[in-house]
Amino acid sequence: MDWGMQNRLAQLIQADGRCLFVPVDHGYFQGPIKKLEDPSKTLEPLLPYTDAIFITRGVLRSCVDPARAKPIILRVSGGTSIFGQDLAHEGIAASMEEAIRLNACAVGISVFVGTDYEHDSLLNLARLVDEGERCGMPVMAVTAVGRELKKRDARYLSLSSRIAAELGARIVKTYYCDRFERVTRGCPVPVVIAGGPKVSSGFEVLQFVYDGIQKGAIGVNLGRNIWQNEHPVAMIRALRAIIHENATPEQAQELYDSIKAGGA
């Protein structure tokens, strides 16, 4: 692995081998969703506690102060919307040259295994890996499921994650699920948790993140579970305690409650 690739990965994955990424790229196909109407306001209080942000080039340029930014994972796939016929019909929406120009530490692309556009999305990943390897840029593959949430099971996610790794992704972002160890055990590159089952409380988020870490994930790439929480700073700090300080869900909840009581 060349120095540039190693250096970029070292900025994303911390010295303890763990990471906490915050994505704010949702607008590229969902538009201005709740609590992400103004990305700069959403990100501002969270930046001290995240290891990197996953973001599109437009929001990066317009909403993130380059003097205060954290390492960037640049979303480079797109071209669909929730109003379109098929979310899986994505293409490459930003070049590797653009990622380098923006000083990104990695690029991210969704793959849609099992859809009509499986072939296209996997070849997009392969081509992006070719470009990334030439210039020392890691590629993070996102195992997207589109509207088909029933696909969030271990069989499907382990298959998708392994294919992404086989095609050269340096990091795989995938969903937490039952028997999550099957996903991490079958993926030879680091796995970060994209989200999990629909839950009714922040404590349940802490629980599935803790379990995912115990079963082999190196961290998370969580957005809505953080910035749509009523107390986003308390939530990100509680998650950080699990990821970087080996806190239990109960200890993290105590931290959340104490920060919440302080008005954060």
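Conventions and cut-offs
Residues numbered from 1 in each chain as written. Predicted model: local features only at pLDDT ≥ 70, side-chain atom pairs only at ≥ 80, totals over all residues. Heavy atoms only, no water. Pairing = 2+ DSSP bridges. Helix = DSSP H or I, 4+ residues; strand = E, 2+ residues; numbered from the N terminus. Axes fitted to C-alpha atoms, helices over the stretch in contact; angles between N-to-C directions. Contact = heavy atoms within 4.5 Å. Buried < 20%, exposed > 50% of the residue type's maximum accessible area, 1.4 Å probe, protein only. Parallel < 35°, antiparallel > 145°, perpendicular 65-115°, else oblique. Left-handed = near helix turned anticlockwise from the far one by under 90°. Nonpolar A, V, L, I, M, F, W, Y, C, P; charged D, E, K, R; others polar.

Turning our attention to the sheet that holds strand β2 (residues 52-55). Overall, parallel pairing links the 8 strands, which are arranged β1-β2-β3-β6-β7-β8-β9-β10 in a closed barrel. For this sheet, the mean angle separating the axes of adjacent strands, direction not counted, is 30°. On top of the sheet, helix α7 (residues 154-166) reaches β7 (139-143) and β8 (171-174); it is set at about 155° to β8, its chief contact.

Turning next to the pairing of strand β6 (residues 106-111). Burial runs high along β6: 6 of the 6 residues are buried. Of the two faces of β6, the one lined by A106, G108 and S110 and the one lined by V107, I109 and V111 are each fully buried. Relative to β6, strand β3 (residues 72-75) runs parallel, the two being bridged by 3 bridges. Considered in β6, the bridge of L74 is made with V107. Here β6 pairs with β7 via 5 bridges, running parallel. Within β7, the position partnered with S110 by the bridge is V142.

Packing of helix α9 (residues 202-214) against helix α11 (residues 232-245) brings their axes to within 10 Å, and their N-to-C directions diverge by 25°. One finds that α9 runs roughly parallel with respect to α11. Crossing handedness for the pair α9 and α11: right-handed. In this structure, α9 contributes G202, V205, L206, V209, Y210 and I213 to the contact, and α11 contributes M235, A238, L239, I242 and I243. For the contact of α9 with α11, the residue count by class is 10 nonpolar, 1 polar and no charged.

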